Amino acid sequence: RGRGAAQGIGAALFERTDVADPATAEALSDTVMREFGRIDHLVNNAAIFHGMRREGIVTVDYDYLDRFLKVNLLGALHMTRAVLPHLGEGAAIVNQSSTAAYQPTGFYGLAKAGINHLTVSLAAELGGRGIRVNAIAPGPTDTEATRSIVPEEYRGAMVQSLALKRMGTPADQAGAVLFLLSDDASWLTGQILAVDGGQVVRL
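1. Some details on the pattern of salt bridges
Applying the stated criterion across every chain, the model contains six salt bridges. When the shortest N-O distance is used, the salt bridge between R38 and D40 registers 2.8 Å. Residue D40 is classed as partly exposed on the basis of its relative accessible area of 35%. Between D142 and R147 there is a salt bridge, with the nearest N and O atoms lying 2.5 Å from each other. For R147, a relative accessible area of 40% translates into the label partly exposed.

This is how it looks when you write it as structure tokens:
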């Protein structure tokens, strides 16, 4: 799937990477530098989600939980640290959180709440170098992965709970990411942008 996506967008490279492993994250960074000569942006969206276990936070298998948090939380830190030596002033990082961070959603929400804290902490640490760090927090988005997690009989009620009565699309999320990477967001850092159709309201 990743290889096909890379082939479909022109000047792109597919490199199989386990973001849970700092060494493979660094290998990816080295490969990008070798092939393209620079790194301007990083989007951390690797995650275990499709087919994710639906278990309680106090009952889920420890080995599964350890692997889950290494990918869904620490993976963003590993990738950031791997590319950091190559990022200059004006670079931007976007992490993928979720509105699950604001709801009682077990170990998935735990990882995403951690992504939020990682985002604001990195923004504070890297701002002096002119590097911006933000995140998007998608709400219910119509993807194959979401369909594997949310049974069809619950989707109608979920949509009706939103201010905008439709599921989000990958294009909705991509637009937000592109904005946060762009110069239009040049004075915006440490922010978690909820792209959720009005699912979560924070005052």
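2. Comments concerning a nonpolar patch on the surface
Taken together, the side chains of I57, V58 and L110 define a hydrophobic patch exposed on the protein surface, amounting to about 310 Å² of accessible area. For I57, the location among the structural elements is in the loop between β1 (41–44) and α3 (62–83).

3. Some remarks on the nonpolar core
The biggest cluster of nonpolar side chains holds 22 residues, and the ones touching the most others in it are M79, V83, L87, I93, L126, I131 and V133. Residues in contact with I131, not counting those within four places in the same chain, are L84, L87, G88, A91, I93, L126 and T189. By size, the runner-up hydrophobic cluster in this structure holds eleven residues, among which are M52, L65, F68 and I149.

4. What about the packing of aromatic side chains?
As enumerated under the stated definition, the model contains five aromatic pairs in all. When the ring of F68 is compared with that of F107, the centres are 4.9 Å apart and the planes differ by 85 degrees; the resulting orientation is edge-to-face. In this pair, F68 sits in helix α3 while F107 sits in helix α4 (residues 106–126), placing the two residues 39 residues apart along the sequence. Given a relative accessible area of 0%, F68 falls into the buried group. Three or more aromatic residues joined by ring pairs form one cluster here, namely F49, Y64, F68, F107 and Y108.

5. Digging into the side chain of N95
With respect to the element layout, N95 can be found in strand β2 (residues 92–96). We classify N95 as buried; its relative accessible area is 0%. At 2.9 Å, the side chain of N95 and the side chain of N44 are in polar contact. Once you skip the residues sitting within four places of it in the chain, N95 turns out to touch N44, A76, I115, T119, V133, N134, A135 and I136.

6. Let's talk about the packing of α3 against α4
Viewed as axis vectors pointing N to C, α3 and α4 meet at an angle of 20 degrees, and their least axial separation amounts to 10 Å. Classified by the angle their axes make, α3 and α4 are roughly parallel. The handedness of the crossing between α3 and α4 is right-handed. Only F107, Y108, L110, A111, G114, I115, L118 and L122 of α4 make contact with α3, whose side of the interface consists of Y64, L65, F68, L69, N72, L73, A76, L77 and T80. Across the contact of α3 with α4, the residue classes break down as 14 nonpolar, three polar and no charged.

7. Concerning the sheet that holds strand β4 (residues 192–195)
One open sheet accounts for four strands, arranged β1-β2-β3-β4; its pairing is parallel. Each edge of the sheet is formed by a strand with only one pairing partner; in this case those strands are β1 and β4. Adjacent strand axes in the sheet meet at a mean angle of 20 degrees when their direction is disregarded. Here five bridges tie β2 to strand β3 (residues 132–138), and the two strands are oriented parallel to one another. Within β3, the residue paired with Q96 across the bridge is I136.

Criteria and thresholds
Residues numbered from 1 in each chain as written. Predicted model: local features only at pLDDT ≥ 70, side-chain atom pairs only at ≥ 80, totals over all residues. Heavy atoms only, no water. Salt bridge = Lys/Arg side-chain N within 4 Å of Asp/Glu carboxyl O. Buried < 20%, exposed > 50% of the residue type's maximum accessible area, 1.4 Å probe, protein only. Patch = residues over 30% accessible without salt bridge, like charges linked within 9 Å, V, L, I, M, F, W, Y side chains within 5 Å. Areas by Shrake-Rupley, 256 points an atom, 1.4 Å probe, with all protein chains shown as cover. Helix = DSSP H or I, 4+ residues; strand = E, 2+ residues; numbered from the N terminus. Core = buried A, V, L, I, M, F, W, Y, C linked by side-chain atoms within 4.5 Å. Contact = heavy atoms within 4.5 Å. Phe/Tyr/Trp six-rings, centres within 6.5 Å; stacked < 30°, edge-to-face > 60°. Polar contact = N/O pair within 3.5 Å; in protein donor to acceptor, adjacent residues only side chain to side chain. Axes fitted to C-alpha atoms, helices over the stretch in contact; angles between N-to-C directions. Parallel < 35°, antiparallel > 145°, perpendicular 65-115°, else oblique. Left-handed = near helix turned anticlockwise from the far one by under 90°. Nonpolar A, V, L, I, M, F, W, Y, C, P; charged D, E, K, R; others polar. Pairing = 2+ DSSP bridges.

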